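Each chain is listed here by its residues.
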Amino acid sequence: MNYMESFNPDYVLILSGDHIYKMDYETMLDFHKENGADVTIAVMPVPMEEAKRFGIMITDENKKITDFEEKPAHPRSNLASMGIYIFSWPALKEALIANQNQPGLDFGKHVIPYCRDKGEALYAYEFNGYWKDVGTLTSYWEANMELIDIVPDFNLYEEYWKIYTKSVSLPPQYFGENSHVERSIIGEGSEIYGQVYNSVIGCDVIIGEGCVVRDSILMNNTVIGAGSSLQKVITAEDVTIGSNVHLGVGDEAPNETDPSIYREGLVVLGEGTSVPDNVNIGKNVMINGATEPSDYPGGTLASGRTLVKGGM
């Protein structure tokens, strides 16, 4: 704890969770100071039917937090924690020292409850700008699809709120003679020989001749063979899809291992996955690992299936 004791700022900003947002932290800090708060938690109003997925804050008329619930079955409020906290340093330091031996120390489960039980002043800063929870595959897919809207809520090219990305030494994108791209983001070093619609394509991706990719997210180093088609597919990095492979076909069926995660017609391929030539893959499917033709009886993997080769 020596480092903590020597580090003595007035306030500490903590960011956590799987979220995308645009926030001016200075405004939240001003709110924290004006209320003499020990802890300020950024919150966002969500639909009441969605509230059970989040940590929920109950506040009084002055936005002072009177209680909070972690993913309640019957929420009493729709103010969801955004996973953004400002602590006054003395309050945070005391809470961390008191909980230093707590297994799996967590802000929501241990630090903030400790501050509440000590009688610290907890306030909720209500944010009404852009915020997107990407804690599920469906919400992650939706957030990416929103980036390619004609007028996106989260505009990567906004003049007064620029988004700066990591500079990589890669060649420019290459579009073949017969390629066609509509409403998509294409990363550096990617080679497009087929058709891409409404998709987010990472760096060093190769989409072969005669391919059709729709409503998909392809991460870095994905390679797709000629004549394949992808509908609502998410690939992790270093995925290889053979020629004449068709993903996201047929009717939907609940996923056999986790229907709450693999749903909405998505096909998900884990990092390093390979799919052989000439197979058809249904919807709500998850594939992980180096698969072989024998893994696809009759050249098909039905909707709702999970195919895992090796450990995950």
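Our structure is the block above this text.
Description of the structure in this document. (Residues numbered from 1 in each chain as written. Predicted model: local features only at pLDDT ≥ 70, side-chain atom pairs only at ≥ 80, totals over all residues. Heavy atoms only, no water.)

**Things to note about the overall build of the protein chain**
When its secondary structure is counted, the protein chain shows five helices and 28 strands. In the protein chain, of all internal contacts separated by at least 6 residues, the share reaching a separation of at least 24 is 46%. Accessible surface, the protein chain as shown: approximately 15,900 Å² in total, 49% of it carbon and sulfur. (Helix = DSSP H or I, 4+ residues; strand = E, 2+ residues; numbered from the N terminus. Contact = heavy atoms within 4.5 Å. Areas by Shrake-Rupley, 256 points an atom, 1.4 Å probe, with all protein chains shown as cover.)

**What about helix α3 (residues 89-98)?**
Along an α-helix, residues three or four positions apart point the same way, because every turn accommodates 3.6 residues. Within the span of α3, buried status applies to Trp89, Ala91, Leu92, Ala95 and Leu96. Considered in projection along α3, the buried side chains sweep an arc of 160° and stay on one side of the axis. (Buried < 20%, exposed > 50% of the residue type's maximum accessible area, 1.4 Å probe, protein only. Arc of directions from axis to C-beta.)

**Considering the packing of α3 against helix α4 (residues 107-117)**
Interaxial distance between α3 and α4 falls to 9 Å at its minimum, and their mutual angle equals 120°. Between α3 and α4, the crossing angle belongs to the class labelled oblique. For the element pair α3 and α4, the recorded crossing hand is right-handed. The residues of α4 that touch α3, namely those facing Ala91, Leu92, Glu94, Ala95, Leu96 and Ala98, are Phe107, Val111, Tyr114 and Cys115. (Axes fitted to C-alpha atoms, helices over the stretch in contact; angles between N-to-C directions. Parallel < 35°, antiparallel > 145°, perpendicular 65-115°, else oblique. Left-handed = near helix turned anticlockwise from the far one by under 90°.)

**Topic: the pairing of strand β7 (residues 122-126)**
Counting buried residues in β7 gives four out of five residues, a clear majority hidden from the surface. Here five bridges tie strand β3 (residues 39-45) to β7, and the two strands are oriented parallel to one another. Paired with Ile41 across the bridge in β7 is Ala124. (Pairing = 2+ DSSP bridges.)

**Quick word on the sheet that holds strand β22 (residues 246-247)**
Here we have seven strands laid out as an open sheet, ordered β10-β13-β16-β19-β22-β25-β27, and parallel in their pairing. Edge positions in the sheet fall to β10 (180-182) and β27 (300-301), since each has one partner strand and no second. Pairing of strand β19 (residues 229-231) with β22 involves two bridges; the strand directions are parallel. Pairing of Leu230 across the sheet is with Leu247, part of β22.

**Things to note about the pattern of salt bridges**
Scanning the entire structure with this criterion turns up ten salt bridges. Asp67 is the salt-bridge partner of Arg76, the closest N and O atoms lying 2.7 Å from each other. Residue Asp67 is classed as partly exposed on the basis of its relative accessible area, which comes to 23%. Residue Arg305 is joined to Glu256 by a salt bridge in which the shortest nitrogen-to-oxygen separation is 3.1 Å. (Salt bridge = Lys/Arg side-chain N within 4 Å of Asp/Glu carboxyl O.)

**Section: the nonpolar core**
Ile207, Leu247, Leu269 and Ile281 are the most contacted members of the largest nonpolar core, which totals 26 residues. Elements with a contribution of two residues or more to this core: β23 (267-269) and β26 (285-288). Excluding anything up to four places from it in sequence, Ile207 contacts Glu191, Ile192, Tyr193, Gly194, Val196, Ile201, Val213, Leu218 and Ile224. Within the second largest apolar cluster, 19 residues are counted, among which are Ile41, Phe68, Leu79 and Leu122. (Core = buried A, V, L, I, M, F, W, Y, C linked by side-chain atoms within 4.5 Å.)

**Overview of the sheet that holds strand β9 (residues 174-175)**
Picture the strands of a sheet paired through backbone hydrogen bonds; they go either parallel or antiparallel. A sheet is described by the order of its strands in space; here six strands give the open sequence β9-β12-β15-β18-β21-β24, paired in parallel fashion. One side of each edge strand has no neighbouring strand; the edge strands of this open sheet are β9 and β24 (274-275).

**Topic: the environment of Asp67**
Here Asp67 lies in strand β5 (residues 65-70). As a C-alpha pair, Asp67 and Arg116 span 49 residues in sequence and 8.5 Å in three-dimensional space. The contacts of Asp67, once residues within four sequence positions are left out, are Ile56, Met57, Ile58, Arg76 and Arg116. Among the polar contacts made by the side chain of Asp67, one reaches the side chain of Arg76 at a distance of 2.7 Å. (Polar contact = N/O pair within 3.5 Å; in protein donor to acceptor, adjacent residues only side chain to side chain.)

**Comments concerning unusual backbone geometry**
One non-glycine residue, Lys63, adopts positive backbone phi at about 70°. Mapped onto the elements, Lys63 comes out in the loop between β4 (55-59) and β5. The backbone of Asn221 shows a phi angle near 65°, a positive value even though the residue is not glycine. Positionally, Asn221 belongs in the loop between β17 (217-218) and β18 (223-224).

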